[in-house]
Amino acid sequence: MTQPNINADFNFNNSYAEQLEGFYVPFVGDQAPNPELLRLNHALVESLGLDIKDLSVDDIAAIFSGGIELKGSRPLAQVYAGHQFGGFSPRLGDGRALLLGEVIDKNGERFDIHLKGSGRTPYSRGGDGKAVVGPVLREYILGEAMFALNVPTTRALAAISTGEQVFREGMSPGAVLARVASSHIRVGTFEYFASQNETGKVKQLADYTIQRHFSELQGSKDCYLMLVRAVCKRQAELLARWMCVGFVHGVMNTDNMTISGETIDYGPCAFIDTYDSRAVFSSIDHQGRYAYGSQPQIAQWNLARLAESLLPLINEDSEEAVKLATAELNTFSEQYQSSWLAGMRAKLGLASEEKDDLNLVIDLHKAMQGENVDFTLLFRGLSSAIDGETSTVRSLFDKPDSFDQWFVSWSERLSRDSLKNCERIHLMNSVNPIYIPRNHKVEEALNAAEKDSNFAPFERLMSVLSKPFEQREGLEEYALPAPKDFGPYKTFCGT
Ligand code: AMP
Ligand code: MG
């Protein structure tokens with residue numbers, strides 16, 4: 001196929017390609033037979049400063065589906081390894097993805113522009129290198145919902161259908177997602193070189209990572225140990241945010257954990273509806289390894305794999321290195337707890353801190369467990385209950401006895417907090433969303449788009465989720481739990 005002549009200049013500035021030779025293979029994506037733009041994230045285009053004013057919709061679709069030579073772009077597939085469900089895969093890498101290049105946004109921050117579904121690469125193993133419309137739009141919805149909920153995340157830049165049919169369970173329409181991330185350096189990127197005893201390469205990657213994400217550590221004597229500490233802190237904050245909004249990632253393999261602390265790779269993820277610490281949605285997570293309540297421990301387990309990879313840089317004496325790294329890893333639980341507690345205090349409308357707050361929060365979770373209580377509606381409803389109108393929140397519980405007891409303790413605690421009621425309601429409603437991507441609404445939007453090419457439900461859902469804290473008239477159905485006949489929800493990796 002001939003290259004369309006597209007004159008685009010995104011001012012690429014490619015530090016990974018330039019500084020990390022040997023960490024990727026240069027590779028060009030497939031040219032899509034009939035690329036069509038399904039959605040473009042205009043706000044993100046604007047904030048990245050991408051000049052698209054002279055580009056047609058068709059040009060944009062062609063650019064973000066791959067296979068186009070773009071000025072300044074050095075497309076490449078990154079190599080990484082990963083622990084998948086606890087077992088080590090020594091070589092994964094971008095099997096259906098490409099880094100198009102990096103851009104510097106309007107605030108001077110560096111971002112990767114990355115394509116997912118752009119064709120086979122040397123890391124594809126048995127896969128076809130493709131993605132399909134449903135999972136691409138799913139990543140679009142979930143990622144943008146997380147962004148609006150103030151959770152650090154990679155973001156969707158564009159979704160393009162390729163005009164190709166891709167074989168999954170049957171034939172499905174092919175698609176590419178263009179996404180943006182602070183970087184695509186993963187725990188698994190370090191594991192790849194460490195497992196091959198390439199200490200020089202691990203050091204090169206660590207130095208690059210520090211320069212790109214933790215520049216405050218540059219020049220510090222213990223910078224590699226401090227890197228472990230800094231990544232633990234970012235992940236602890238991220239996990240606390242996931243837990244506070246009820247997000248289940250579903251496939252927290254080490255290749256799906258970024259060093260930057262952004263949520264990445266929205267595959268079989270979902271938000272909990274009824275609170276259950278054992279909630280699992282992914283059809284392949286049979287043991288519940290990545291259940292909602294297990295996520296913080298899994299994050300720590302993944303971080304241990306990062307620390308292991310860095311051991312030779314931490315200290316020449318391996319025993320000493322293990323001792324130092326373990327001490328850092330042990331800070332994770334405390335960091336996580338303090339971030340989670342801060343998030344939960346805000347959710348409960350507390351501006352002050354008391355020693356017993358942790359117990360208050362834990363008691364609420366105990367009261368929720370086994371009660372089929374809708375997590376999102378409960379927290380949102382609490383702001384209306386502070387004046388004593390408790391019937392709505394009580395009705396969310398099968399048996400509200402434990403909740404009633406808890407409510408007394410919470411009311412007493414509120415009486416010792418300085419906020420006025422109106423300030424408290426404002427605080428609570430700014431952190432307890434009313435609209436989350438409810439599973440039945442996500443499915444409704446994806447079905448209409450995939451089966452009937454009807455994008456109206458998708459567009460409406462995106463608009464609802466863009467302001468998750470602001471109650472709006474006419475959107476009542478988006479705040480409701482799934483109808484009973486929706487049944488238990490299962491998600492698939494979507495590969
Ligand atoms: P994931 O679980 O989607 O993060 O992917 C795990 C690994 O499988 C990564 O190395 C992906 O690049 C690779 N992979 C997933 N789907 C495909 C596909 N359809 N073709 C080739 N590689 C894939
Ligand atoms: Mg992945």
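Residues numbered from 1 in each chain as written. Chains lettered and ligands numbered in written order. Predicted model: local features only at pLDDT ≥ 70, side-chain atom pairs only at ≥ 80, totals over all residues. Heavy atoms only, no water.

## Let's talk about the pattern of salt bridges
Move 1: Counting across every chain of the model gives 35 salt bridges.
Move 2: Ionic pairing is found between Asp30 and Lys130, a salt bridge with its closest N-O pair at 2.7 Å. Of this pair, Asp30 sits in the loop between strand 1 (24–26) and strand 2 (36–40) while Lys130 sits in the loop between strand 7 (110–116) and strand 8 (131–132), placing them 100 residues apart in sequence.
Move 3: In this structure Lys130 comes out as buried when scored by relative accessible area, which is 13%.
Move 4: Across the salt bridge formed by Arg168 and Asp128, the nearest N and O atoms sit 2.6 Å from each other. (Salt bridge = Lys/Arg side-chain N within 4 Å of Asp/Glu carboxyl O. Helix = DSSP H or I, 4+ residues; strand = E, 2+ residues; numbered from the N terminus. Buried < 20%, exposed > 50% of the residue type's maximum accessible area, 1.4 Å probe, protein only.)

## Here we look at the pairing of strand 10 (residues 171–181)
Move 1: Within strand 10, nine of the 11 residues are buried, which leaves it mostly tucked inside the rest of the structure.
Move 2: Pairing geometry for strand 7 and strand 10, over five bridges, is antiparallel. Looking at the pairing, Asp112 lines up with Ala181 of strand 10.
Move 3: Inspection of the sheet shows strand 8 paired to strand 10 by two bridges, in the antiparallel sense. In the sheet register, Val132 faces strand 10, and the bridge partner there is Gly174. (Pairing = 2+ DSSP bridges.)

## Overview of the domain arrangement of the protein chain
Move 1: Looking at the assigned domains, one finds that the protein chain contains domain 1 (15–181), domain 2 (193–269 + 301–333) and domain 3 (348–495).
Move 2: Here domain 1 and domain 3 have C-alpha centroids that lie 32 Å from each other.
Move 3: The junction of domain 1 with domain 3 conceals about 1700 Å² of combined surface from both sides, 73% of it contributed by carbon and sulfur atoms.
Move 4: Linking domain 1 to domain 3 there are one salt bridge.
Move 5: Across the pair Glu459 and Arg39 runs a salt bridge, and its minimum N-O distance is 3.0 Å.
Move 6: At the junction of domain 1 and domain 3, the tally comes to three residue pairs in polar contact (both at pLDDT 80 or more). (Domains from an automatic or database assignment. Buried area = accessible area lost by both parts, 1.4 Å probe. Polar contact = N/O pair within 3.5 Å; in protein donor to acceptor, adjacent residues only side chain to side chain.)

## Some words on the site of ligand 1
Move 1: Taken together, 18 residues sit near ligand 1, with Gly93, Gly95, Arg125, Gly129 and Asn256 positioned nearest.
Move 2: Between ligand 1 and Gly129 there is a distance of 2.8 Å, counted from a nitrogen atom to a backbone nitrogen or oxygen.
Move 3: The contact in question runs from a nitrogen atom of ligand 1 to an N or O atom on the backbone of Lys130, over 3.5 Å.
Move 4: Burial of ligand 1 by the surrounding chains reaches 87%, relative to a free accessible area of 480 Å².
Move 5: Two domains each donate at least three residues to the shell around ligand 1, and these are domain 1 (15–181) and domain 2 (193–269 + 301–333). (Near = heavy atom within 4 Å. Areas by Shrake-Rupley, 256 points an atom, 1.4 Å probe, with all protein chains shown as cover.)

## Observations concerning the environment of Met368
Move 1: If you trace the backbone, Met368 turns up in helix 10 (residues 357–368).
Move 2: Relative accessible area serves as the criterion here: at 0%, Met368 is assigned to the buried category.
Move 3: Once the C-alpha coordinates of Met368 and Ala448 are considered, the two residues, 80 residues apart in sequence, prove to be 34 Å apart.
Move 4: When residues no more than four places from it in sequence are discounted, the contact partners of Met368 are Tyr275, Val373, Phe375, Leu378, Phe379 and Phe397. (Contact = heavy atoms within 4.5 Å.)

## What to know about the packing of aromatic side chains
Move 1: As enumerated under the stated definition, the model contains 25 aromatic pairs in all.
Move 2: Seen from their ring centres, Trp242 and Phe247 are 5.2 Å apart, and the 70° between their planes marks the pair as edge-to-face. For the pair Trp242 and Phe247, one class covers both residues: buried.
Move 3: Cluster of aromatic residues (ring-pair linked, three or more members): Phe397, Phe403, Trp406, Phe407 and Trp410. (Phe/Tyr/Trp six-rings, centres within 6.5 Å; stacked < 30°, edge-to-face > 60°.)

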